[in-house]
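Survey of secondary and tertiary structure
Below are the chains, spelled out letter by letter.
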Amino acid sequence: MIADPHSDQAGRLATLQSLDILDTEAEAEFDEVVALASRICETPISLISLVAEDRQWFKARVGMADPETGLDKSICAHAILEDGFFEVEDTRNDPRTVSNPLVAGEPNLRFYAGAPLVAEDGLPMGMLCVLDDKPRKLTELQRDTLRVLARQVMRQIELKQALKQQETLRAEMDHRVKNSLQTIASFVRLYARGVSDPAAKPALEAIQRRIDATGALHEELQNSVTGSVVNIQTFLSRVCSHLQAAAGGQVVIVQSCEAFHLSHDQASAIGMIVSEFAANSLKHGFPEGAAGEIAIAIEKTVDGHQLICRDNGLGSNGAALVAPPSRIGGLGQSLMQAAAAQLGGELETTLSAGGSYLKVAF
């Protein structure tokens, strides 16, 4: 016989849907639970069964080929109507199970025992169960083990859903921050075009660079799987793309970096150094629209990585053309030194006839 719906079927199904667990891929931690339950209870079949509106679906299974069955074959649908542990020593002697197709026919199930998977709201989502093809009875230790394992399964399901929700909120936050920064950057860019003050213009350009770098960071964080680490290859590409737009077509900015991940703090430090180096090169290495190249690379080393920035601009040949350092330029140098320290490295800079060079090992 098919089990009656739960007394709070609507609420139960809503909770099950909110857990976002149905039809997900197999996961090792759940597979290990059913394998352990089967061994401890000495049964050929063990299931993590979630009872949906018109089916029971198995998040993990041992000894059962089908990933789901209809409710007409579900003993778990009866089990979730009971309080606590559910055990049927002989399914042919119980009116709830005797007509079940899996009892009356293959695989001739004769025994069922299960502990409920209870959500935080107190509603049962399904069962962690064991089954056998002969009548039997579990020991108290086996029952206690199933109860403990069932609680752990439910905590794992709820934890995974909480992490998914956190990731969704984080991605939305990074998306909104990125959009806000892009809006601010557009206003700064428009305002800078109408400014002729020799002190204000470089200040606005510096603000623009830092906004662009921060926006690129949040864009990468938005696409990050974990939200706490950044793919440096794509992040560096975004930063250099913004810098190329600001540089125009005379100076080409090239970048080289393999795919690997760093924390968002480290990525932010790299973005700061690269942005400030490029700005300094464009201002002093390629004055009055001179052509050239700025190269940015992150390379693997024996001890970690190194960031190398170089240009083929005027270098030391342009020293006489460089005005005394401004407060903006001095701030840029201080920011690069602070960023290098954040990476756990030291800033090394060289100015030669072949251009300028910067390295940070971290």
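Predicted model, so just to flag it, every value in this text is computed and none were measured.

Turning our attention to the overall build of the protein chain. Per the secondary structure count, the protein chain includes 9 helices and 13 strands. Within the protein chain, buried positions represent 44% of all 362 residues. A fraction of 63% describes how many contacts in the protein chain between residues 6 or more apart in sequence connect residues 24 or more apart.

Assignment of secondary structure puts Leu 343 in the loop between helix H9 (327-342) and strand E12 (347-352). A sequence separation of 78 residues divides Leu 343 from Asp 265, and the C-alpha atoms of the two residues are 8.4 Å apart. In this view, Leu 343 contacts Gln 266, Ala 269, Ile 270, Ile 273, Val 360 and Phe 362; residues no more than four positions away in its chain are not counted.

Our next topic: the pattern of salt bridges. Scanning all chains against the criterion turns up 16 salt bridges. As a salt-bridge pair, Arg 55 and Asp 23 come within 2.8 Å of each other at their nearest N and O atoms. A residue pair is termed long-range when its members are at least 10 positions apart, and Arg 55 in strand E2 (residues 55-62) and Asp 23 in the loop between helix H1 (9-18) and helix H2 (28-41) qualify at 32 residues. Among the salt bridges present, the one from Asp 132 reaches Lys 134, with a minimum N-O distance of 3.5 Å. Since its relative accessible area comes to 1%, Asp 132 is described here as buried. Three or more residues are tied together by salt bridges with common partners; here these are Glu 87, Glu 140, Arg 143, Asp 144 and Arg 147.

Looking now at the packing of aromatic side chains. Applying the stated criterion across every chain yields a total of 1 aromatic pair. Relative to Tyr 112, the ring of Phe 86 has its centre 5.8 Å away and its plane inclined at 65°; by these criteria the two rings are edge-to-face. Of this pair, Phe 86 sits in strand E4 (residues 86-88) while Tyr 112 sits in strand E5 (residues 111-118), and the two are 26 residues apart along the sequence. Residue class for Tyr 112 comes out buried when judged on its relative accessible area of 1%. Across from the ring centre of Phe 111, 5.6 Å away, lies the NZ or CZ of Arg 136, which sits over that ring.

Turning next to the sheet that holds strand E8 (residues 251-257). Read across the open sheet, the 5 strands follow the order E8-E10-E11-E13-E12; overall the sheet is mixed. Of all strands in the sheet, those bounded by a partner on one side alone are E8 and E12. Along the sheet, successive strands turn relative to each other by an average axial angle of 10°, direction set aside. When strand E11 (residues 305-311) meets strand E13 (residues 355-361), the two strands line up antiparallel, connected through 5 bridges. Its bridge partner being in E13, Arg 310 is matched across the sheet by Tyr 357. Along the sheet face, helix H7 (residues 232-247) touches E8 and strand E10 (292-300) and points at about 175° away from the line of E8. Packing against the sheet, helix H8 (residues 264-285) makes contact with E8, E10, E11 and E13, and its axis sits at approximately 15° to E11.

Attention now goes to the sheet that holds E4. If you walk across this open sheet you meet the 6 strands as E3-E2-E1-E6-E5-E4, and the pairing is antiparallel. Edge positions in the sheet fall to strand E3 (68-70) and E4, since each has one partner strand and no second. For this sheet the average axis-to-axis angle between neighbouring strands, irrespective of direction, equals 25°. With 6 bridges connecting them, strand E1 (residues 45-51) and strand E6 (residues 124-132) associate as antiparallel partners. Looking across to E6, one finds that Ser 49 is bridged to Met 127.

Our next topic: the side chain of Ser 49. Along the polypeptide, Ser 49 turns up in strand E1. One polar contact links Ser 49 to Gln 56, side chain to side chain, over a distance of 3.2 Å. Every residue in contact with Ser 49, bar those within four places of it in the chain, is listed here: Gln 56, Trp 57, Phe 58, Cys 76, Leu 117, Met 125, Gly 126 and Met 127.

One finds Ile 270, Ile 273, Val 274, Ile 296, Ile 298 and Leu 307 to be the most contacted residues of the largest nonpolar core, which totals 32 residues. Sorting the residues of this core by element identifies H7, E8, H8, E10, E11, H9 and E13 as the ones contributing at least two each. With residues near it in sequence (within four places) discarded, Ile 298 still touches Ile 232, Leu 236, Ser 256, Cys 257, Glu 258, Phe 260, Ile 270, His 305, Gln 306, Leu 307 and Phe 362.

Further remarks concern the environment of Asp 31. Note on placement: Asp 31 falls in helix H2. Looking at Asp 31, the relative accessible area reads 32%, which means it is partly exposed. Other than its neighbours up to four places away in sequence, Asp 31 contacts Ala 26 and Ala 60.

Rules behind the numbers
- Residues numbered from 1 in each chain as written.
- Predicted model: local features only at pLDDT ≥ 70, side-chain atom pairs only at ≥ 80, totals over all residues.
- Heavy atoms only, no water.
- Helix = DSSP H or I, 4+ residues; strand = E, 2+ residues; numbered from the N terminus.
- Buried < 20%, exposed > 50% of the residue type's maximum accessible area, 1.4 Å probe, protein only.
- Contact = heavy atoms within 4.5 Å.
- Salt bridge = Lys/Arg side-chain N within 4 Å of Asp/Glu carboxyl O.
- Phe/Tyr/Trp six-rings, centres within 6.5 Å; stacked < 30°, edge-to-face > 60°.
- Lys NZ or Arg CZ within 6 Å of the ring centre and 35° of its normal.
- Pairing = 2+ DSSP bridges.
- Axes fitted to C-alpha atoms, helices over the stretch in contact; angles between N-to-C directions.
- Polar contact = N/O pair within 3.5 Å; in protein donor to acceptor, adjacent residues only side chain to side chain.
- Core = buried A, V, L, I, M, F, W, Y, C linked by side-chain atoms within 4.5 Å.

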